[in-house]
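# Geometric and topological summary
So the chains spell out like this:
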Amino acid sequence: MEQIGNVWAELSMRRRIIAGLAALAMFAAVLGVARMASQPGMALLYAGLEDGAAGEVVQALEARGVAYDIRGTSIFVDSAQRDQLRMTMASEGLPSNPTQGYELLDQMTGFGTTSQMFDAAYWRAKEGELARTIVSSPGVQHARVHIANPAGRPFQRNMPSTASVTVTPAAGGLPAAHARALRYLVASAVTGLSPENVSIIDANGGVILGGDDAGSSQGDAADRAAALKSKVERLLEARVGYGRAVVEVNVETVTEREQITERRIDPDSRVAISQDRSEIATTSSDQGSADVTVASNLPDEQGAGGGDKSQSENSETRERTNYEVSEVQREVLRNPGAIDRVTTAVLIDGIFDTGADGAPIWQPRPEEEMEALRELVASAVGFNPERGDSLTLKTMQFEPLPTEGSAPGSALAGAFNIDAMRLAQLGLLGLVAVALGLFVVRPILSAKPAALPAPDEAAPRSPALMGEIDPEDTPQTGLQLIGDAATRARPGEPSAVDRLRALIDERQEESLQILRNWMEDEGEKA
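Described in the following lines is the structure provided in the data block. (Residues numbered from 1 in each chain as written. Predicted model: local features only at pLDDT ≥ 70, side-chain atom pairs only at ≥ 80, totals over all residues. Heavy atoms only, no water.)

All right, on to the overall build of the protein chain then. Each helix and strand in the protein chain was counted, giving 13 helices and 14 strands. Evaluated residue by residue, the protein chain yields a buried proportion of 21% over its 526 residues. Counting only carbon and sulfur atoms, one obtains 53% of the accessible surface of the protein chain, whose full area is about 37,200 Å². (Helix = DSSP H or I, 4+ residues; strand = E, 2+ residues; numbered from the N terminus. Buried < 20%, exposed > 50% of the residue type's maximum accessible area, 1.4 Å probe, protein only. Areas by Shrake-Rupley, 256 points an atom, 1.4 Å probe, with all protein chains shown as cover.)

Right, dumping it as structure tokens:
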């Protein structure tokens, strides 16, 4: 401490200020490093909670005295306590789900409960249970289910049940396949509810599937196109290699219901099934009138011969044959979803050959190979030219894909769960503290008095001002040169410090001049 005090007393005011500021900066850096080292690493506890559920979690953390940090809608706690807190809060029912299910029925008592109240509670519990099931999916963050059941309206019959589901996806949008799965989930859980009467609504992007067949048919078309695309890609990659073929399939489906009734009659194909024939014959005779005489009254016409006589015969034949003509009657019903047209486009990379200089040269694939690939693709997609299908197969050079992303991290860092950013901050603050101590504080505290300026050659020299002691000017006590080996104290003789003190007492003015030059001169900086 005495040495530090002496050094501090010898420093100028400017150096004292620099040393004080450097000491304060080093102390602040060391304090920051210690604080960051003692501060626990924060890990995510819960994220995306509703306001009420998040407030309950924060209240439980404060009751336990656990340090936490809120960043937006996320709650962070000490990484060492995160798993234990999750298990403990789960046993207490936290975070609580505001949607209630069948436990609503447990709260109802038989006394004072009407049938209308029980039905309302039952459907409310049904909606809550369905919402819980939907939220259990990893891709859904929140869900609300509303069921319209007309069972309580006895005077309105033949009214179908309907339902609507509002979902908030966890990230991005909700795929159509997932929405159709939710539609069938709700329809299967409610008696008498058909999937066509369930609407799926995305809270961020609008209607996904409405209460009609249009959305379903579009979803089926997309699924069919994806399945055909996967088949064609797997088929081509076996030949051209992975990533060297791009396939796009578009399936157009019928979106309208159509009923066709057709009746055809073939006049050439007839069969007699019955025949009716009738014949009619008619005979008539007529004798003209004559004078009445005796002969006309004689029997056997003995007296005839004097009048006119006529006779006629008619014969008629009728025939009717009944034939049965062949008839074809056909009724065709086309529902939405039937394939109307399939369009396929395939782009295949060429082949690379080595040139004369050793550089790769791109070349298109041969026509024979392209024709074979075309036949394979046509068979895979079910190509039907009568239906209006189209198939385009081309070979072109692919552009090289740019390399994006970063290199994979070290497995050692993942195994020990090391926070690289935190280590970088601690290392930086540590380097600042060490640099301040080594290059600022230490040189100032260990600074040596600067040497005297060179004397003027023209001016007369004084041995005292040059810092040298003439042996002849030594007192009678026998003081010798300090640097001489003979100056070592012998038994019974004064030490070198005592002899120097005696010399300063004798030449006070010259000693003060030397000290004044040392203090006024800043000297060479360390």
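That was the structure; now back to the text.
Attention now goes to the packing of aromatic side chains. One pass over the full model with this rule turns up 1 aromatic pair. When the centroid spacing of 5.4 Å and the interplanar angle of 75° are considered together, the rings of Y122 and W123 count as edge-to-face. Under the relative-accessibility criterion, Y122 is labelled partly exposed at 30%. If you follow R71 out to its NZ or CZ, it ends over the ring of F76, 4.2 Å from the centre. (Phe/Tyr/Trp six-rings, centres within 6.5 Å; stacked < 30°, edge-to-face > 60°. Lys NZ or Arg CZ within 6 Å of the ring centre and 35° of its normal.)

For strand β6 (residues 198–202), the buried fraction is high: 4 of the 5 residues fall into the buried class. Both strand β5 (residues 162–169) and β6 contribute to a ladder of 5 bridges, which runs parallel. In the sheet register, V167 faces β6, and the bridge partner there is D202. (Pairing = 2+ DSSP bridges.)

A separate point is the pattern of salt bridges. According to the stated counting rule, one finds 15 salt bridges in the structure shown. For E369, the salt bridge is made with R239, and the minimal N-O distance between the two is 3.0 Å. Of the two residues, E369 sits in helix α9 (residues 367–381) while R239 sits in helix α8 (residues 214–240), which places them 130 residues apart along the sequence. The exposure class assigned to E369 is buried, which follows from its relative accessible area of 14%. The shortest N-O distance in the salt bridge between D389 and R387 comes to 2.5 Å. When its relative accessible area of 8% is taken as the criterion, D389 is described as buried. Through salt bridges that share partners, R239, R365 and E369 make up one connected network. (Salt bridge = Lys/Arg side-chain N within 4 Å of Asp/Glu carboxyl O.)

Glancing now at the sheet that holds strand β8 (residues 245–253). Strand order in the open sheet formed by 3 strands is β8-β11-β14, with mixed pairing between adjacent strands. Of all strands in the sheet, those bounded by a partner on one side alone are β8 and β14 (390–395). Going from strand to strand, the sheet's axes swing by 5° on average, the running direction of each strand aside. As defined by bridge partners, strand β11 (residues 339–348) adjoins β14 across 6 bridges and the pair is classed as parallel. Counterpart to T343 in the pairing with β14 is S390. Each of β11 and β14 touches α9; the most contacted strand, β14, lies at about 145° to it. (Axes fitted to C-alpha atoms, helices over the stretch in contact; angles between N-to-C directions. Contact = heavy atoms within 4.5 Å.)

What follows covers the side chain of R365. For R365, the location among the structural elements is in the loop between β13 (360–363) and α9. Taking the relative accessible area as the measure of exposure, R365 reaches 7% and is therefore buried. Polar contacts involving the side chain of R365 include one to the main-chain carbonyl oxygen of D349, which spans 2.7 Å. In terms of polar contacts, R365 uses its side chain to reach the side chain of E369, at 3.0 Å. Apart from the residues within four sequence positions on either side, R365 is in contact with V240, R244, I348, D349, G350, I351, M370 and T395. (Polar contact = N/O pair within 3.5 Å; in protein donor to acceptor, adjacent residues only side chain to side chain.)

This next bit is on a nonpolar patch on the surface. A surface patch of nonpolar side chains, amounting to about 450 Å² of accessible area, comprises M13, I17, L21 and L24. By the element assignment, M13 lies in helix α2 (residues 13–38). (Patch = residues over 30% accessible without salt bridge, like charges linked within 9 Å, V, L, I, M, F, W, Y side chains within 5 Å.)

On the surface, E367, E368, E371 and E375 cluster together into a negatively charged patch. Structurally, E371 can be placed in helix α9. Accessibility expressed as a relative area gives 41% for E371, which makes it partly exposed. (Lys, Arg positive; Asp, Glu negative; His and termini not counted. Charge placed at Lys NZ, Arg CZ, Asp CG, Glu CD.)

In this fold, R320 is placed in strand β10 (residues 309–334). Each C-alpha atom, one on R320 and one on S278, is 8.8 Å from the other, the two residues being 42 residues apart in sequence. R320 has contacts with S274, Q275 and D276, leaving out every residue within four places of it along the chain.

With that settled, consider the sheet that holds strand β3 (residues 74–78). Pairing in this open sheet of 3 strands is antiparallel, and the strands run β1-β3-β2 from one edge to the other. Looking at which strands have only one partner, the edges of the open sheet turn out to be β1 (42–47) and β2 (68–71). Pairwise comparison of adjacent strand axes, ignoring direction, gives a mean angle of 30° for this sheet. As defined by bridge partners, β1 adjoins β3 across 5 bridges and the pair is classed as antiparallel.

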